[in-house]
Structures are given as C-alpha cells and as structure tokens.
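Each chain is listed here by its residues.
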Amino acid sequence: MWVKPEEVLISGGFWDTEVANTYFLLQHRKGAGHGSRGFAGILVGTLDSVFDTKPPPYRILHQTPSAELYYIVAVSLKKEEIDENWVWLERNLMTILATFDNDEDVTDFVRCKIESLVANSTVTDPHSTPDPDSETFKAVSHKFKKLFNLPDGEKLVNYYSCSYWLNRLPRQGWLYLSVNYLCFYSFLLGKETRVIVRWRDVILLDCTNALIFPDSIRVSTRDHEHYFSMLLRKKETYELMEQLANMAMKQLINDEEFTEDKELLTKVSKKIPKKASFLKRDLDARAHSDMYRSKFRLPLSEKLDGSTTCFLWAPYKKSYISGTLYVSPNYICFDSKIANLVSIVCPLREVLSVERIDNIKGNSSVKRALFLCTTQSSSSNSFLFNDVGDRDFVIRKLSEMLGRTIPTKNALPDNIGRKPGTRSNSISEEKVEYSSPTSQSSPGSQENGVSSSSECLEAETIMLPLRTLCIGPEEDLEEGEHDKRKLALWERHWNEYGRGVTMYRTVETARLVLEGLPDDIRPEVWMIFSGAINEQAMNPSHYEQAVVAGLQRGGPANDEIERDLHRSLPEHPAFQSETGISALRRVLCAYAWRNPAIGYCQAMNIVASVLLVYCNEEEAFWLLAALSERLLPDYYNTKVVGALVDQGVLEDLILDHLPDLHAKLSRLGIISLISLSWFLTLFLSVMPFEAAVHVVDCFFYDGARVIFMVALAILNANKDVLEKCDDEGEAMMILSEYLSSITAAKLRYGKRKASVSEEAVTSEGAEASVNITDIIESGYKNYGFITNVAIERLRVKHRLRVVQLLEDTAMKNTLRTVGPDCLLNEEDLRELVAYVRAEQILGADDKEVRQRSMSGNQLGQEGYGLGYETFRQLFLAASPWGQGDRADSLVTSMFNMLDVDGSHMLSFRSVAWLYGVLCVGDFARKLRLFYYLHLAFPPSLDDVDSVKREEVEEEAAVEAEEYFDVIEEDFGKGKLDLSISDEEKVSANNSPKKAYKDELTGLATIHNRDYRKYEQRFLPPMNQEQFINMWRTVYSFFALETNQEIFTSLSRVGTLLLQIGEVGRRVKECASRSISESATPTDSSVNTDTSSESSKKVSALDSPMPSELAGACTQAPEKLLSTDETERKARELEVSHLMNVPGAEYSLQKSPDDESSDKETDSVSSASNIHSSSSVSHSELEWSISFEQFLANVANEERLVNFFERSFSLAEEVQKLRKRQAVSTNGNFSTATTPS
C-alpha cells in the first residue's frame, strides 16, 4: 500500500534489492521473501523479534541519481501487493519522470503524487464504520495468526514484550493475548519457541516472585505451568489476562459468546488516548462498566459513558466533597474520594433540568458548576457539582441522554413512597391475553366455585406484604416502641439527606441500616439499595406478564417449584394457608419464565418466601431477580457455581485471618459443608429468619462482602470451641446450636426447633443467646477492611479452579455413561469429549437446538450433546466414511439413525458407539451397519432419482417397521417398546418437534427406534432401488482412487449381486406359480387341516427344482448386464449354485417361529390365510438380496475387505481437525450448511 513518503538514509543494511530502475527500488527484508534464511536472515529475525521493529517485509524506495536520501513510498505484507505497486509506478510515472531536467523536481513530483494517492485511499464514507485498529496493530495481528496458524476469526487483543522461562532459562520474545488463546513466540539465533494455551484450559493465574522465577506471572493448566517475566507493564498485562480468563470461565458456565461493542467506534471521547487495539479498548470499557454497575447497583445493560473529577455540595454539612462524577445513558452517579463518605445515584428519569452555573453572587468559589434539579420536591434531592472537568462536554452528553429518556418518564413505578396497599396496578388488559395473575394464582378456585367477590378480595390482598395478611402473636409494647423510634430516626434522616433513589448515601445511612430496619420501610430500602427499583422502572408491566406466561408454560421447573412450596418457611403463618403458597408460586414461576437459564434452583424458595413476608409480590420478584442476576451471580444454577466459588473465597479469608482455625477445619473437612448452606440462603435457613433478615438488610446495602464478614465473625466467636473438636459431627453441632441461639429484637415466628443439648444450655439463663446486631457489628469492626473489589478478585481466582473441576467431573461422568458397548479406547474418548465440548463453547450453530433439548432430557445427565452441524463437521473430517460426493447424505442418515427420540440432538453415548463401530469394529459389523443404514435410513438420492425418492423412502420405512415387529415377536430381546399406536402417530405428526425434525433433515425417518437393533440376528432383504442407492455410496468412497483394480472389484461384486437378485426373483416367481396351480380353491381344500397345508408349502419350497422350472428360470426375459451369451449363462449357473448358501434360504423359506405364527393364524380363519398368502406371495416376487449374500460377495474381494477393515485413529484425526478448524467467536464464520 502507498504510504506518506519518509526519508531513509541507508537503503541497504537489513534489506536486499530485488528490482531497481532509475528512480525506484523494490526491496525485501533479509530472511523474508524468496531468499534463503542464511546467517544474515537469522540475525535480522532475532533483532526484529527482540526489539519489536516488526516492519513490513516488502517496500519500495524512491531515489534520484544525484541525491543521497531515499524515500519510502510503499510497503506491504504480501509480495503480490508490492508487485502491483511496482507495476503501477513503471506504467504511470517512469515516462513522466523522464521529461524532468532537475532531480529536485522529480522528487517533488513523486512526493506530491504519492501523497495524493495516500489521501485518496484514506477517504472514507462518512456513514461507514471507522477502522478500529491502527495499521501497525493490523500488521502484528496478521503476523500473530500466521505464526500460530490461527484463522481470521481469532481476535488479537494486545501484545507485550516479555521473557518465557523454558527449562529454567529465559527466552525473550512476545506475548500475544487474544480472545481465546494466550500465545508466546520467540526467535533467537534460529531457534523458535512457540507456546499456545487456551483460556478455557487455565486453572490458576497468579503473580509469583520465587527465586527461580522472579517477578513472574504464572499460568497453570492441567498439564503444564508457564512463567512469564520481565514485563514492562506487568499490572496491565496481568489484569488483561485475568479478564480474558474470567470471560472464558463465564463462557463455560453460561454458554455465552463474546461480541464486540461496536458502539465504541462512534463514541466521542475527550482526553483519552486511542489504543492501537479496538478490542483492548472494548475490554477496558467492559471492566470500567462492571465496576460502575457493581458500585452503584445498576442494571446489567448499563454501560459507563465516562467520568470526570468534581466537587459535590453537601447541604447536610454545608461543604464541598471531592469525588468522581460518572455518566451513563440512564444514570448520573457520584462517589466520594474518601471511601463510603457519600455517594449518589440519580436516574435520568428523575432529572427535570440541567443548568450551567459559572458564578453565584457572594460565592466566588463556584466555577464551572453543574446544577441538577430532580422530580423530588425536597431540596435535598437537588445536586450542585462544582469545578466539573470538561463541563461543557458533560452538559452536551447529558442533553443528548435526557432527550432519549423523555418518552419513558411516564413509566415510573408508583408504589415507592406510598402507603402499602395503595399501589395502582400498571398492567393493561391488552397485554394480558388470557387472564389476570390473580385468577392464575389458585388453580382450584374455579373448580370450587369461588365467587367473583372473593377473587376481587384476593386481587387486593396480593398487593400487600404477607406479614400484614396473617394474624400472629401480638408485639409487646417495648418492641413496638423500639420500631417507632427507629422509624422516627429514618424520617429525620430522610428529611436531611433526601428520600428515594436520589438520596445522599452517607455513613449515617450505613449506621441506620446496621441497627436494623423497621418492617414498614424495609421493602422501600431494599428496593433502593439493591437497585431492584431501577429494573422495575424500566419494565413496568413485566411481572404481570411473567406471571401469566410462567403459570401457563409448565415444565420441569414448575414441577420442582410445586414440590418445594410447602417446605418454604413452614413456621410462618403466611405459608400455612393458600394465600402465601399462591403468592410464592406466582413469584417463582414468573422468575423461572423470565430467566430460563436458571429456571428454579433449590434455596430460591426460602429466599423468596422471606422477601414476600416483607414485600409485595412485584417487589419480591424484582428483588429475587437482582439477587440471582447481579448481587450473587451464578449462585442459582444447576451447578451452583457461584456458591462453590465463594466457598473457595471464604476458605482463603479464613486462611488469612484465622490460620489456626483454618488448619483445624481443613482437617475436619467442614468448610464446604457450612459455606453452601450459609451463602445460598443468606443465613435464612440456618438461623431464625427474623434475625437473618438483618443480614439481608446489610447485604442489600453493602453487597456480597457482608456475608463473608458475618461468616468470619461467627467462626471467630466459636474459634476456641471448634479447635477442640475431634470430628466434623461435633463441629457442625456446635455451629448449629450457636446459629439457632442467635436472636433479634423480636422473634415471633423464626425460632428454630431446639435440640436437647440446646435446651439444656438455654435453660441456664439468657447468656446463651446472641444478638444478631452484635455479630454484624463484630464483622464490620474486625473485618470491615474486606472490600467488594477484593472479593471479586478472589472470585476470579477460584472461578478458574471451580469451573475446571466441574468440567473434569462432567467429562468423567460423560465417559462413564458410554457403557461397555463402546469399542473406543480411553484416548479416543477423551479427544472426542474435548472436541464436542469445544464446539459447544465456540460454535453457535447448534446452540438454540441444544438449549431447547437439554431441558428435561437425558442428554443433561450425560453432559454433552451434538447437534447436526457439530456432528456433520466431525463426521466429514474424522470418519473413514466421510468422503465422496455422498458424504453429506450419509451424514444425514447417520444423524437420523442415532436420533432415536427425535430431539434433533445426539447423545455422546450414541456418537461414541458409532465411532467404535467405524474405527474399531470388525469387517462384518461395519458391513451390517452399512447395510442397515441404507435399508432403514437410506441416504437421499440425486436429482435424477427424485421422482422415485418418495416411494423408496416409504417402502424402506414399511420394511423396517415389519422387521422390527418380527424381531420383537420372535425373539423378545428388545427392552424398548417399539410399538406406536395410532393416537401416538397422529400426535407425532402434529407435534412441533416432528415438524422441526422434518424441516431439519428433509427425510421421513422412523423415530423411537434403538439404533443398536441392527445387530440382531436377521436383517430384512433389500430391494433393487435400495441396493442401487447403497452401491452408489460404495462407489463414492473411491471417487479419488486411481487404481483401476478397485473399480474392477466394485463392478464384479455389483454385477453378481444384481444377478443374484434377478435369479432369486425368477425362482420365487416360478415357485409361486407352481404352488398356486397345485392348490384347488374348493370348500374341502379350505377345510383342510392347517398343519398339512403348512407342510405342503414348506415341502414345495424345500423340494428340488423341477427341470422345466429350472429351464424357465435360466431363460432371461430381458437382457442382463453381460452382453456375451456364454458368459451370461455361466454366471447364471454360478448364481444358481450361490443360491444354495445358508443366507439365501432366508428369502425362500420362513423361520420356524414364523411357521408357528402362521399355524396360529390359520387356526382362526383359513379364508384370511389364503388372502394373506396371496399378498405375501405378491411381495415376495420383487427383486431382493439378503445381507448374507451381500456379505459373502464383498468378502470375496480383497480390496473391498481392506477398505472396510482399515484401522482408523480417531484421536489423531480429531487433533488434526481441532488444529485446522476455524475458531469463530461470534458464530459468523461457520461454513456448515443445513442438511437437506
């Protein structure tokens, strides 16, 4: 490409000249191009690798005979591109330059011309997306993909100079960090070092400073440990590695994909240097947005737009507070420079106006100020920001954002700030199509004849917290006065600091929360500090719609909810009636519909029941959503990954702050037992819920660090007793008794059942009880230095270990389910599992099908399933039959055969079984599979045979149906009920699953069949159309074969099988004619004994062939494949002898079991027997061959036997496939096609 001319003093040095003329030189870098890599090339390559010069390997210089300077006019990474530039110069400039008399004029003309070419090449469409990466970074990215043989879909994030320790010796080189890989390359004096590590294989990532590996970053996988040192920007490198590894783990957990944020390309920023890599900028923005959302409890969709320093005017203390102003599309937030001093969250929906203030009369300190006026009537809810950096730029941003939020200002929640029970219902009748949530709440209400007035009464009561609906023990006067005093403190606090989501959140606020919240304001405070109020405001009618959809959907999640409804807080009166149970059902079913990835998890019912005690249904729903999706991520999924991660975090904290106790608990092995039950329910299931709700108060205000501080405080309080325990049972008993003795200001419903030892302790006096407030204060006092940022850093560390442990467990379980019928060895199975899992993570072609099929399916038990696209890629690339022009059709047939339940997903067990047969199975077993595949699931024919395709498939389905019935009746070996009733057939034809299946494959296949049935003793005969289809598949295997002998063998076997089928048809036709002529249709013959009739038929078939019948059979009514008459007769004679092989009798006579079956049928009705005999005879007259005939003829050809017996290493082929397969991070690079 053309570049702006730059001066070059020396044209030689590290460059060799390929072509030169009077004014230009074309050069390549030493060691690059077509030149040999001699010593000079090795030296230049080493210098380029160490010093990161990385110049393009080709360039064009401009020179004049009298000048000593050179000018670079073009550079390129490819030889073809630089050659095009050279040809253009010779054709367009050389003749013009020859007309100049002065060399200076020549140089000026060349420079102006090249600059104009550069300017024209950089002119872009104003509506097009700007180029995200710099030219230098593009060159590095190209080199990175070339060095490590990676596809274009892989995105490089950044690269750093470092040393890699190999055999305790450092090798200087470059560390490349991409979305899916960590790579290192070093080239020193001809020796190359390459390291490739997938992020999803990393189990440990930390910084070390050992004697052997000083100041290094350690990256550990299951097999190796890698050390990287001498990093100039170690902190930045480690944070980026940590972020990429964390992204890979979340990808493993949630099966989500990485997508770039293209909005950053058009985002206007000030005073922010543009990074060379767009992905690096994207990831930095993600990290800042994650911190921003976590700090201010904002929705997951919110992205930080920017931040600037400023001073906030605090009216409650009449002074300015230094801090940072954060701006995002829907929020303005402020956080003080001193931690926890003051913070503000102001949704733009609450902002009325933004004003610019430059000076205030009598107050010269106000400059570059920004004043926000909100919808709240209190003066404490207006904000003045002074000395705002880039104030005008911020105001323009806020004006744009306010303009976008104006249409949504009317969709505000109207329950906050009102008395309970006065909230208006925001649901509209047009959006709810079927019924209201209240009518869905109690399924038996209509059956029991409940009146409409009762339904209206229930509709009113669900708007209130359940504690106001149940009549329980009355409070004593002292407790009532205590609540009134706390409520008065909160009223005074709101008057001074403001109320609602825009209040000033100060140290005083934290103190009031720590002392406990009055029941009347608890839902309001929970909604504000958890951020659930923001989700509710963005989705005003979402809950009502979710209730209707969730109750109507049904499914496994709803069944699990029904089982756990009566186990949720049974001691509370609210859940001893249908009112509380129905409310809990609605909330849990609504959330299961909202988040199908989570659905329902045990422990959610306990948390939701406590939320319903203090909040109405909609508030409880949004609090549960905030808890599951933001505050405790990955807690409530099938593997409780988040709880397991926090279990490791707690173990690290115990090791740091209670080392002696950690040693004891580790020996007892109870850390994992206590952490899961404590964290999953926020202590609600292990202590009286009215005491544990104080922990929930602090949790919603201060985040996840609260549960760790409370856990450490509890362990510290029992430290001396736990260190004296001898076994885990005694330690668990001590902790259980301690937690049960925790009290709050009032305990009316929450007291747990005390054990005998606990009753003995509590009978001694009141000293045995512990106040929950004291425990929380102890946690803040002793462990308050633990921050949410530190917790998140520890979570990243342990998420690597936990996810890899779960992956290993899932892999072992999957391998365990394969069973003894799989013939693959352990190495092949492991490679196959690794490939399938990698495709599930990186590929999106089968994602939707897989997610739909994994719910309530046995595939979930096996771990990994394969969709059509994944199976197709695997079969075509790593299968002995995945070649030829019919490979795609064969893939579809294989997929249909293995998809026994019609879920369009294959279990790993079935795929492993198939590859066991193809790669390890013997010759006869492979041919039996091949024969059965074309019999029951014939591959699609070409367009030439499209007219007959439907008839062939229907005939194959009928014969396969009869075959399965014969096997079940005669042998009774199949454990699977293969019969399909008429009702089931009708429902299957009308089901969406079958419609999707037919759309996916385009074939009418037989479902609910065990694919291993083909290994039974007998296979039904194959007609001529099926045989031709099968033999065309055999020919396709050798499409690229150059040895003509293999085609001779194919022709010989095919000709013999065609003749065998034709002679058999004639023999059966003659035998049928002879039997029909010998039978007289009189009444006496009808009354003949059935046993004698059967014996006649058998003897007629077993008797030697009459001479006239044999003569008739040897006379061909039509021309056979051979044109030589003598050769034809000889082959017919040979075929007649082949008919005497045992396998040929299958098409001429029935088995003894079939004969006995015919006797029973004849005893019922002889007339029907005659009719059925005629129909059977008609079907037997068709051309057919048996499997035994097919096997015997193929076995006679050595070349065909060698092909089907050829060994195939699945592990090696899968490894090759994984190396050359494109890694698509966004699902857009797959070349697979939909099956036809």
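A. Local environment of the overall build of the protein chain. The number of helices and strands found in the protein chain is 51 helices and 26 strands. The buried share of the protein chain, reckoned over its 1236 residues, is 49%. With an accessible surface of roughly 58,900 Å², the protein chain has 52% of that area assigned to carbon and sulfur atoms.

B. Structural view of the environment of Asn558. Locating Asn558 in the fold gives a position in helix H17 (residues 556-564). With a relative accessible area of 8%, Asn558 lands in the buried category. Each C-alpha atom of the pair Asn558 and Cys589 lies 6.3 Å from the other, and the pair is 31 residues apart in sequence. Apart from residues no more than four positions distant in its own chain, Asn558 is found in contact with Gly550, Leu551, Arg553 and Cys589.

C. Looking closely at the sheet that holds strand E14 (residues 319-327). The strand order across the open sheet formed by eight strands is E17-E18-E19-E13-E14-E15-E16-E20, and the pairing between neighbours is antiparallel. Among the strands making up the open sheet, the edge pair consists of strand E17 (351-357) and strand E20 (505-506). As paired elements, strand E16 (residues 342-347) and E20 share two bridges and run antiparallel to each other. Opposite Ser343, over in E20, you have Arg505 as the bridge partner.

D. Spotlight on unusual backbone geometry. In the Ramachandran plot, Leu569 falls in the positive-phi region, its phi being about 50° despite a non-glycine side chain. Structurally, the position occupied by Leu569 is in the loop between H17 and helix H18 (578-594).

E. View of the environment of Val796. Looking at where Val796 falls in the secondary structure, it is placed in helix H30 (residues 788-816). For Val796, the contacting residues outside a window of four places in its chain are Glu242 and Asn246.

F. Spatial organisation of the pattern of salt bridges. Applying the stated criterion across every chain, the model contains 43 salt bridges. The residue Lys234 makes a salt bridge to Asp215 at a minimum N-O spacing of 2.3 Å. Pair noted here: Lys234 is in helix H6 (residues 234-254) and Asp215 is in the loop between strand E10 (204-208) and strand E11 (216-220), with a separation of 19 residues, a long-range link. The class of Asp215 is partly exposed, set by a relative accessible area of 43%. Its salt-bridge partner being Asp888, residue Arg872 comes within 3.2 Å of it at the nearest N-O pair.

G. Representation of the packing of aromatic side chains in the model. Applying the stated criterion across every chain, the model contains 49 aromatic pairs. For the ring pair Phe930 and Phe1204, a centre distance of 6.1 Å and an interplane angle of 65° mean the geometry is edge-to-face. Of this pair, Phe930 sits in helix H37 (residues 923-936) while Phe1204 sits in helix H50 (residues 1198-1205), and the two are 274 residues apart along the sequence. With relative accessibility at 0%, the residue Phe930 sits in the buried group.

H. Molecular detail of the side chain of Asp206. For Asp206, the location among the structural elements is in strand E10. According to the relative accessible area criterion, Asp206 is buried, its value standing at 18%. Residues contacting Asp206, with those up to four places away along its chain left out, are Ser216, Ile217, Arg218 and Tyr238.

I. View of helix H23 (residues 671-680). Among the residues of H23, those classed as buried are Ile671, Ile674, Ser675, Trp678, Phe679 and Leu680. On its buried side, H23 packs onto helix H19 (604-614), helix H21 (641-657), helix H22 (659-668), helix H25 (705-717) and helix H27 (728-740).

J. Looking closely at the sheet that holds strand E8 (residues 181-188). Ordered in space as E9-E8-E7-E6-E12-E11-E10, the seven strands form an open sheet in which the pairing is antiparallel. The outermost strands of the open sheet, each flanked by one partner alone, are strand E9 (191-198) and E10. When the angles between neighbouring strand axes are averaged without regard to direction, this sheet yields 30°. Inspection of the sheet shows strand E6 (residues 156-166) paired to strand E12 (residues 225-229) by two bridges, in the antiparallel sense. Each bridged residue has a counterpart across the sheet, and for Ser163 the counterpart in E12 is Ser229. Contacts from helix H5 (residues 135-147) reach E6, strand E7 (169-178), E8 and E9, with the element oriented near 55° to E6.

K. Expanded view of the nonpolar core. Core analysis: the biggest nonpolar cluster contains 119 residues, and Trp526, Tyr636, Trp678, Phe683, Ile714 and Leu715 have the highest contact counts within it. If sequence neighbours within four positions are ignored, Phe683 has contacts with Trp678, Ala692, Val695, Ile707, Val710, Ala711 and Ile714. Grouped together as the second largest cluster of nonpolar side chains are 71 residues, Leu815, Tyr864, Met1022 and Trp1031 included.

L. Region of interest: helix H16 (residues 542-553). A rise of 1.5 Å per residue sets the reference length of H16, with its 12 residues, at 16 Å; its end C-alpha atoms lie 16 Å apart and thus fit the reference within 8%. Among the residues of H16, those classed as buried are His542, Tyr543, Glu544, Ala546, Val547, Val548, Gly550 and Leu551. Following H16 by one or two positions, Gly554 adopts a phi angle in the positive range, close to 70°.

M. Just the pairing of E8, in detail. Judged by how many residues are buried, E8 sits mostly within the fold: seven of eight residues are covered. Strand direction decides the pairing type here: E7 and E8, joined by four bridges, are antiparallel. Note that in E8 the partner of Tyr176 across the bridge is Cys183. Counted between consecutive antiparallel strands, the loop separating E7 from E8 contains two residues. With eight bridges joining them, E8 and E9 adopt antiparallel strand pairing. Pairing of Leu188 across the sheet is with Lys191, part of E9.

N. Looking closely at the side chain of Glu617. Its place among the elements puts Glu617 in helix H20 (residues 617-631). Judged by its relative accessible area of 4%, Glu617 is buried. Side chain to side chain, Glu617 and Arg586 meet in a polar contact 2.4 Å long.

O. Just the packing of H16 against H20, in detail. Contact pair H16 / H20: the axes reach a minimum separation of 10 Å and the direction vectors enclose 85°. Judged on the interaxial angle alone, H20 and H16 are roughly perpendicular. Contacts between H16 and H20 pair His542, Tyr543 and Glu544 from the former with Glu617, Glu618, Phe621 and Trp622 from the latter. For the contact of H16 with H20, the per-class residue count stands at three nonpolar, one polar and three charged.

P. Spatial organisation of the packing of helix H34 (residues 868-877) against helix H36 (residues 908-919). With their axes 13 Å apart at the nearest point, H34 and H36 run at an angle of 15° to one another. Considered as vectors, H34 and H36 are oriented roughly parallel to each other. Considering only the axes of H34 and H36, their crossing is right-handed. Listed contacts from H36 to Phe871, Leu874 and Phe875 of H34 are Val911, Leu914, Tyr915 and Leu918. Of the residues that constitute the contact of H34 with H36, the class distribution is seven nonpolar, no polar and no charged.

Q. Up close: the pairing of strand E13 (residues 306-314). Bridge count for E13 against E14 is nine bridges, and the pairing is antiparallel. Within the sheet, the bridge partner assigned to Ser307 lies in E14 and is Tyr326. Once E13 ends, the chain turns through four residues before running back antiparallel as E14, passing Lys318 with a positive phi of about 50°. Inspection of the sheet shows E13 paired to strand E19 (residues 383-386) by two bridges, in the antiparallel sense. Within E19, the position partnered with Phe311 by the bridge is Asn386.

R. Quick peek at the confidence of the model for the protein chain. This prediction gives the protein chain a mean pLDDT of 74; 69% of its residues lie at or above 70. Between residues 750-767, whose pLDDT stays under 50, and residues either more than four places distant or in other chains, the model counts 23 contacts. Note on residues 1222-1236: pLDDT under 50 across the span, and 35 contacts to partners over four residues away in sequence or across chains.

Cut-offs used in this document
- Residues numbered from 1 in each chain as written.
- Predicted model: local features only at pLDDT ≥ 70, side-chain atom pairs only at ≥ 80, totals over all residues.
- Heavy atoms only, no water.
- Helix = DSSP H or I, 4+ residues; strand = E, 2+ residues; numbered from the N terminus.
- Buried < 20%, exposed > 50% of the residue type's maximum accessible area, 1.4 Å probe, protein only.
- Areas by Shrake-Rupley, 256 points an atom, 1.4 Å probe, with all protein chains shown as cover.
- Contact = heavy atoms within 4.5 Å.
- Pairing = 2+ DSSP bridges.
- Salt bridge = Lys/Arg side-chain N within 4 Å of Asp/Glu carboxyl O.
- Phe/Tyr/Trp six-rings, centres within 6.5 Å; stacked < 30°, edge-to-face > 60°.
- Axes fitted to C-alpha atoms, helices over the stretch in contact; angles between N-to-C directions.
- Core = buried A, V, L, I, M, F, W, Y, C linked by side-chain atoms within 4.5 Å.
- Expected span 1.5 Å × (residues − 1).
- Polar contact = N/O pair within 3.5 Å; in protein donor to acceptor, adjacent residues only side chain to side chain.
- Parallel < 35°, antiparallel > 145°, perpendicular 65-115°, else oblique.
- Nonpolar A, V, L, I, M, F, W, Y, C, P; charged D, E, K, R; others polar.
- Left-handed = near helix turned anticlockwise from the far one by under 90°.
- pLDDT = per-residue confidence, 0-100.

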